[in-house]
Amino acid sequence: MSLMDQLKTLLGGKSDVNTLDDSVVSDAGVSIVAQRPNRQDRHPDPMETRMDAGDEVQALVALPLLGRRTAVQHQRTLAVLLALGLVVLGGVTLMTLSSADKVSQQVASTGQALMQSQRLAKSVSQALVGSPSAFKEVLDSSSVLGKTLRGLQQGDVSMSLDALSGAYAPEMTALAPLVENAEKHAAVVLGQEKILLQVGDALRAINRQSSDLLEVAETVSSLKLQQNSPAVEISAAGQLVMLTQRIGKSANEFLTMEGVSPEAVFLLGKDLNSFREIATGLLKGSAELRLAPASDVQVKEQLEALIKLYESTRTEAGAILGNLQGLVAAREAQAAIVADSEPLRLGFEKLQAGLSGQTGLGGLQLLVLAVSALFALGAAGGLAFVQLQDSRV
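What you see is a predicted model; the values in this text were computed from it and never measured. (Residues numbered from 1 in each chain as written. Predicted model: local features only at pLDDT ≥ 70, side-chain atom pairs only at ≥ 80, totals over all residues. Heavy atoms only, no water.)

Draft legend 1. Summary view of the packing of helix α6 (residues 193-226) against helix α7 (residues 231-253). For the pair α6 and α7, interaxial distance at closest approach is 9 Å and the crossing angle is 170 degrees. By the angle class used here, α6 and α7 are roughly antiparallel. Two secondary-structure elements touch here, α6 through L203, I206, N207, S210, L213, L214, A217, E218, V220, S221, K224 and L225 and α7 through E233, I234, A237, G238, L240, V241, T244, Q245, I247, G248, A251 and N252. (Axes fitted to C-alpha atoms, helices over the stretch in contact; angles between N-to-C directions. Helix = DSSP H or I, 4+ residues; strand = E, 2+ residues; numbered from the N terminus. Parallel < 35°, antiparallel > 145°, perpendicular 65-115°, else oblique. Contact = heavy atoms within 4.5 Å.)

Below you can see the structure in the form of C-alpha cells.
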C-alpha cells in the first residue's frame, strides 16, 4: 500500500475526533504534518447545541402585557411608551396651567368691574356737589367698567382677557344693559362738569357768606332794639336774621335724593327777593312795608354792609338758579347710576363666584394627569426591570 493510501486511511478513521496530535510520517525522506480540521468541518456536538439553545431562551424577558421578547425589543418599546406618557403628562399640565391662568384673569377682571361700579356711584355723587377730583374718577371708573365688560364678552388682547364661555351668557345678558346705562349717565354728568363746578363753588360761597349775613343782620336788629325803634322796624330786622339762615338752608337743600327740589328752588328765589326788599326798606324806607328811612349813622353803615354782602350772595345764587336745566339732567343721571350700582354689584359678585369655582383642577383633568403619570411611571419601571434582567444574563 502506498504512502498516500495509508494517510487517507488514517485520516478517514479519525475524522470524528475534535483534535489530532500532530503526526509525522516519513517515507523516502518525505515529511507530512497532519493539520487539525476546521470547526466548520467538524460534526456538531449535541451538548454544544443544547447550550446555545439555552442561551437564546435565557435572553428572552417576560413582561405583563408585552409578552416574552428580547431585552432590546422591550427596551425600545418601553422607551417609546415612556416618551409618549411624558408628552401626554406635559401637554395636560400645560393645558391645565393655561386654563387656570385664563380663569384667574377673568376672575380678577370681574372683581375690577365690581369695584369700579361702586367707585362710580360714589364719585358721581361727589361730582354733583362740584368736587373737582370726582370728575376724573367718574371718567376713569366708567371707562374701565365698560372696557372690562366688553373684554369679558368678546375678549381683549390688551388686557390678556379671554371671552367667557356660553355658560355665563345669562349673567352677561343681565349686566350688559346696566353697564351701558352707567356709561351713558356718566357721560351726562361729565357733560355738565362746568356747571356743576360753578354750582359747587356757589354753594360753598353761600355757606361762608351766610354766617357773615347772620352776624350783620343780628347787629342791625340789636341796634333797633337799643334805639327803641318802632315795632315794624324791629320785626323787619328780625326777619332779616331769619332769612340769612333760610337762604343758606335752601341753597343746600335744592339737591335731594329725588333730584332738584322745586320747593327749595322756589324758597331760595323768594328768600333772596324778600331779603333785598326788607334790607332796602330799612335803609331807604318803604311805604309798602311801612318802613322809615334809617336816620342813625351806625344803623345805616350796618345796613349798607348787609346789602353789599347780599349782592355777593345773590350773584352766587344766580349761578344755581340760572343752571337748573343742567343740574336737573346731572341729578337724574346721578340718581340712575346710584340706583343701578346695587344690581351691578350683585351681578358681578354672582359672575365672580361662578368663575372662582373653576380656578382649581376639574375631575377630568385630575384623572388624565393621574393616568398619564402612572403610565409614565409604569413605563419607566418596566424599562428599569428589563435593564436589570439583561445585566444578569
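Draft legend 2. Region of interest: helix α9 (residues 297-321). Here α9 contains 25 residues, and its C-alpha end-to-end distance of 35 Å stays within 8% of the 36 Å for a straight helix at 1.5 Å per residue. For α9, the complete set of buried residues consists of V299, L303, L306, I307, Y310, T313, A317, A319 and I320. A distance of 3.1 Å separates the backbone nitrogen of Q298 from a side-chain oxygen at the start of α9, and that oxygen is part of D296. (Expected span 1.5 Å × (residues − 1). Buried < 20%, exposed > 50% of the residue type's maximum accessible area, 1.4 Å probe, protein only. Polar contact = N/O pair within 3.5 Å; in protein donor to acceptor, adjacent residues only side chain to side chain.)

Draft legend 3. Summary view of helix α5 (residues 169-191). Relative to the 33 Å expected for 23 residues at 1.5 Å per residue, α5 spans 33 Å between its end C-alpha atoms, a close match to the ideal helical length. Listed as buried for α5 are E171, M172, L175, L178, V179, A182, H185, A186 and V189.

Draft legend 4. Expanded view of a nonpolar patch on the surface. A cluster of nonpolar side chains, contributed by L84, V88, L364, L367, V368, V371 and F375, occupies part of the molecular surface with about 620 Å² of accessible area. Those elements that place two or more of their residues in the nonpolar patch are α3 (71-128) and α11 (363-392). Residue contributions to the nonpolar patch peak at five residues, all from α11. On the secondary structure map, V88 appears in helix α3. (Patch = residues over 30% accessible without salt bridge, like charges linked within 9 Å, V, L, I, M, F, W, Y side chains within 5 Å. Areas by Shrake-Rupley, 256 points an atom, 1.4 Å probe, with all protein chains shown as cover. Salt bridge = Lys/Arg side-chain N within 4 Å of Asp/Glu carboxyl O.)

Draft legend 5. Representation of the packing of aromatic side chains within the structure. A complete count under the given rule lists one aromatic pair for this structure. Summarising the aromatic geometry, the rings of F275 and Y310 are spaced 5.5 Å apart at their centres and angled 20 degrees between planes, so their arrangement reads as stacked. Separated by 35 residues along the polypeptide, F275 in helix α8 (residues 262-284) and Y310 in helix α9 bring together distant segments of the chain. The class for F275 is buried, based on a relative accessible area of 0%. (Phe/Tyr/Trp six-rings, centres within 6.5 Å; stacked < 30°, edge-to-face > 60°.)

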